[in-house]
Amino acid sequence: MTKRTLLPESARKNASPEQNKQYAATLKQLTDCKTVWNKDGLHKEEFEKFYKTVAETFPLLHSKATRLTFGDGCFFYCLEGKDPQKNILLMSHHDVVDGGEGWDTDPFCAVEKHGCLFGRGTVDTKTPLFAELQAVEELLSEDYEFEGLRLYIGSSHNEEFSGDGMVLAADYFRSQSIHFEVILDEGGAITTGMIPGVSAKSAVIAVHEKSRHIYRCTLRENTQGHGGLNPTTGSTVSAMSKFITRVSKSNICKPEFAPEVKATFTSHAPYMAFPLNVVFGNFPIFAPLIKKIMEKIPQAAAMLSTGLTFPSFFAGSEDMPQMKAKEASTYLYLRCIREETLQKELAQIKNIAAEYGIEIEETLRDYCEPSSFESRPYRLLEDLLHKNFPDVITAPFLLTAGTDARRFTGLSSSILRFAPIDLSKEQFASIHNKNENITIQNIGQCVIFYKDFIKNI
């Protein structure tokens, strides 16, 4: 991998201090809305205030674009440019987790201090949403024609709870046979100190995320007659427990390097300190050693293999605990990287289940296809990062968390997860935690980045 010369952070494209001040003031209005989604409508008035703020703050976009709504509040703005040939989708979500304890400020009354804006959602993900909307608003004010583009900006109201907003939206786009040239969602960011032996900042672009599969495993007792006359050994509970223990200890999910995981480290190898630059620079030789090291680190291990857990167990009756359970069941939760690997692992699990007479039924399949980091959209994004953030290393990676982007599998061959938010270790740790904050200068950098992305795609 070729080593690119990194420039100082001062070489970044920056908005003026006056612009950044205005951007922060607008973002504050959005973050002050307590958009904590609740299916019972607990904060409905806060969501309505948020939508009103968006309409009033971005009047050109609101008047010139078509607005679509899915479910209770997932919205899309569709702006049709001159002679549209390509559909482009910028995604985010405007729901946030609740404030929690330990804040130095009110999480829902954003405050500027130390050059940052503190408030719930400033990172996850109201800054990216604001920057997308602001970028389009400014382009419209500059009479930009969006030639060849049909631009969509979509934001979910219940992403944090894997809600139905983007599911309904994706179903709509499938029904309309709309295919996107590229989908850009959250997921990756500019981070510090996340790669061992690298002191420079990294812009990691997720080209894939681990999928979710849930199976119900059920064992029914086939013995008939009076319970007191039946043997007490070999109960459904003990048999199911043995099955769970055996599968959990069977080492079925073996670690391996997916292409995007390998690329994360090989892309960083030229920037690593010795001896890590030698180790990761000669990946085929040292892969077994790297694998052993990663397996000992939970976050790194998650990038190597299917995650396998049994999150729940059901048997018997609380009203009659002395009675032998005639049925026992558990849920098997698998987080896979590649579906073909999952099918091989599942076949082994089913073979073990058959020995205990356990039936396995799929209850959820939530798989997304990986995108290529050799594609034109990825290369374009990488090139824009080099120009807008010339001080950072760029690399593809695997997201072990989840985004709404997975809902759009089949609607685009290039689904990328990256927002140009620049996070220190402390800011990264503030996601879903106390004192969430974003650097005010970075807010303007995000607006510039999305403007450049739209103009260059």
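Residue numbers here run from 1 along each chain, matching the order of that chain's written sequence. Where totals are concerned, whole chains, interfaces and linings use all residues; where local detail is concerned, this predicted model gives features only for residues with pLDDT of at least 70, and gives and counts side-chain atom pairs only at 80 or more. With hydrogens and water stripped out, all remaining heavy atoms of the structure feed into the side-chain values.

(A) Main features of the overall build of the protein. Secondary structure elements are defined from DSSP: runs of H or I of at least 4 residues count as helices, runs of E of at least 2 residues count as strands, and each element is numbered from the N terminus. Along the backbone of the protein there are 14 helices and 17 strands. In terms of C-alpha radius of gyration, the protein reaches 25 Å, essentially the compact-globule figure of 23 Å for 457 residues. At a minimum sequence separation of 6, the contacts of the protein that also span at least 24 residues come to 81%. Of the roughly 20700 Å² of accessible surface on the protein, 52% is carried by carbon and sulfur atoms. Radius of gyration here uses only the C-alpha atoms, and the compact-globule reference equals 2.2 Å multiplied by the residue count raised to the power 0.38. Here a residue-residue contact requires only that any non-hydrogen atoms of the pair lie within 4.5 Å. Residue exposure ignores everything except the shown protein chains as possible cover, and the areas themselves are Shrake-Rupley values with a 1.4 Å probe.

(B) A look at the pattern of salt bridges. In what follows, salt bridge is the name for a side-chain nitrogen of Lys or Arg lying within 4 Å of a carboxyl oxygen of Asp or Glu. This structure, assessed with the given rule, holds 27 salt bridges. Its salt-bridge partner being Lys13, residue Asp452 comes within 2.9 Å of it at the nearest N-O pair. Here Asp452, found in helix H14 (residues 440–456), pairs with Lys13, found in the segment before helix H1 (17–31); they are 439 residues apart in sequence, far enough to count as distant. By relative accessible area, which is 9% here, Asp452 ends up buried. Here's how the labels work: a residue is buried when its accessible area is under 20% of the maximum for its type, exposed when over 50%, partly exposed in between, all with a 1.4 Å probe on protein chains only. Judged by relative accessible area, Lys13 falls into the partly exposed class, the value being 35%. Note that Lys34 and Asp98 form a salt bridge whose closest N and O atoms lie 3.8 Å from each other.

(C) A look at the sheet that holds strand E10 (residues 211–220). One bridge is not enough; two strands pair if DSSP finds at least two bridges between them. Pairing is antiparallel across the open sheet formed by four strands, whose spatial order is E11-E12-E10-E13. Lying at the two open borders of the sheet, with one neighbouring strand each, are strand E11 (307–315) and strand E13 (359–366). This sheet shows a mean twist of 20 degrees between the axes of neighbouring strands, independent of strand direction. Here seven bridges tie E10 to E13, and the two strands are oriented antiparallel to one another. Of the residues in E13, the one forming a bridge with Arg212 is Asp366. Here helix H6 (residues 236–248) sits on the sheet and contacts E10, E11 and strand E12 (327–336); the angle it forms with E11, its principal contact strand, is near 175 degrees. This element, helix H11 (residues 339–355), spans E10, E11, E12 and E13 of the sheet and lies at about 160 degrees to E12. Fitting a line to C-alpha atoms yields each axis, with helices limited to the stretch in contact; the angle taken between N-to-C directions then spans 0 to 180 degrees.

(D) Spotlight on H6. Helix span, as expected, comes to 1.5 Å for every residue beyond the first. Helix length check: H6, at 13 residues, gives a terminal C-alpha distance of 18 Å against a target of 18 Å (1.5 Å per residue), a fit within 8%. Listed in full, the buried residues belonging to H6 are Thr236, Ala239, Met240, Phe243, Ile244 and Val247. One side of H6 carries all its buried residues, which in axial view fall inside an arc of 135 degrees. Its buried side turned inward, H6 meets E10, E11, E12 and H11. Starting at the helix axis, one direction is taken to each C-beta atom, and the arc is that of these directions.

(E) Looking closely at helix H12 (residues 376–388). Its 13 residues place the ends of H12 18 Å apart at the C-alpha level, agreeing with the 18 Å of an ideal helix rising 1.5 Å per residue. When H12 is considered as a whole, its buried residues turn out to be Pro377, Tyr378, Leu380, Leu381, Glu382, Leu384, Leu385 and Asn388. Where H12 is buried, its residues meet strand E7 (182–185), strand E9 (201–209), strand E14 (392–399), strand E15 (415–417) and H14.

(F) Up close: the environment of Ser155. Position of Ser155 relative to the elements: it lies in strand E6 (residues 149–156). Ser155 gets classed as buried once you look at its relative accessible area, which sits at 0%. Once the C-alpha coordinates of Ser155 and Glu142 are considered, the two residues, 13 residues apart in sequence, prove to be 24 Å apart. The residues touching Ser155, leaving out its near neighbours within four places in the chain, are Gly73, Cys74, Phe75, Ser92, His93, His94, Leu129 and Met166. Any pair of nitrogen or oxygen atoms within 3.5 Å is treated as a polar contact; in protein, a donor-acceptor pairing is required on top of that, and neighbouring residues in sequence qualify only through side-chain atoms on both sides. A polar contact is formed between the side chain of Ser155 and the side chain of His94, at a distance of 2.8 Å.

(G) Representation of the packing of H1 against H14 within the structure. One way to put it is that H1 packs onto H14 with a least axis distance of 9 Å and a crossing angle of 95 degrees. If you check the angle between H1 and H14, you find them roughly perpendicular. Contact with H1, carried on its side by Asn20, Tyr23, Ala24 and Leu27, involves Ile440, Gln441, Ile443, Gly444 and Val447 of H14 and no other residues of that element. Of the residues contributing to the contact of H1 with H14, the split by class is six nonpolar, three polar and no charged. With respect to orientation, any angle under 35 degrees is reported as roughly parallel, any angle over 145 as roughly antiparallel, any angle of 65 to 115 as roughly perpendicular, and every other angle as oblique. The residue classification treats Ala, Val, Leu, Ile, Met, Phe, Trp, Tyr, Cys and Pro as nonpolar and Asp, Glu, Lys and Arg as charged. All others, Gly included, are polar.

(H) Representation of the nonpolar core. For our purposes a nonpolar core is just a set of buried Ala, Val, Leu, Ile, Met, Phe, Trp, Tyr and Cys residues, chained together by side-chain atoms within 4.5 Å. In terms of nonpolar packing, the biggest core is built from 65 residues, with Val136, Phe418 and Phe453 touching the most fellow members. For this core, the leading source of residues is H14, giving nine residues. Of all hydrophobic cores here, the second largest spans 21 residues; its members include Cys217, Ile244, Phe310 and Ile352.

(I) View of the packing of H12 against H14. At a minimum axis separation of 10 Å, H12 and H14 run at an interaxial angle of 140 degrees. It follows from the interaxial angle that H12 and H14 lie oblique. Crossing of H12 over H14 shows right-handed handedness. Residues Arg376, Leu380, Leu381, Leu384, Leu385 and Asn388 of H12 form the contact with H14, whose participating residues are Ile448, Phe449, Asp452, Phe453 and Asn456. By definition, turning the near helix anticlockwise from the far helix through less than a right angle yields a left-handed crossing, and turning it clockwise yields a right-handed one.

(J) Representation of unusual backbone geometry. With an omega of -10 degrees, the peptide bond between Asp124 and Thr125 qualifies as cis. Residue position: Thr125 is located in the loop between strand E5 (116–118) and helix H4 (126–141). The omega torsion across Phe274 and Pro275 is 5 degrees, close enough to zero to call that bond cis. The topology assignment puts Pro275 in the loop between helix H7 (259–268) and helix H8 (276–281). The residue Asp83 is not glycine, and still its phi comes out positive at about 50 degrees. Looking at where Asp83 falls in the secondary structure, it is placed in the loop between strand E2 (74–80) and strand E3 (86–93). Although it is not a glycine, Ser177 adopts a positive phi angle of roughly 55 degrees.

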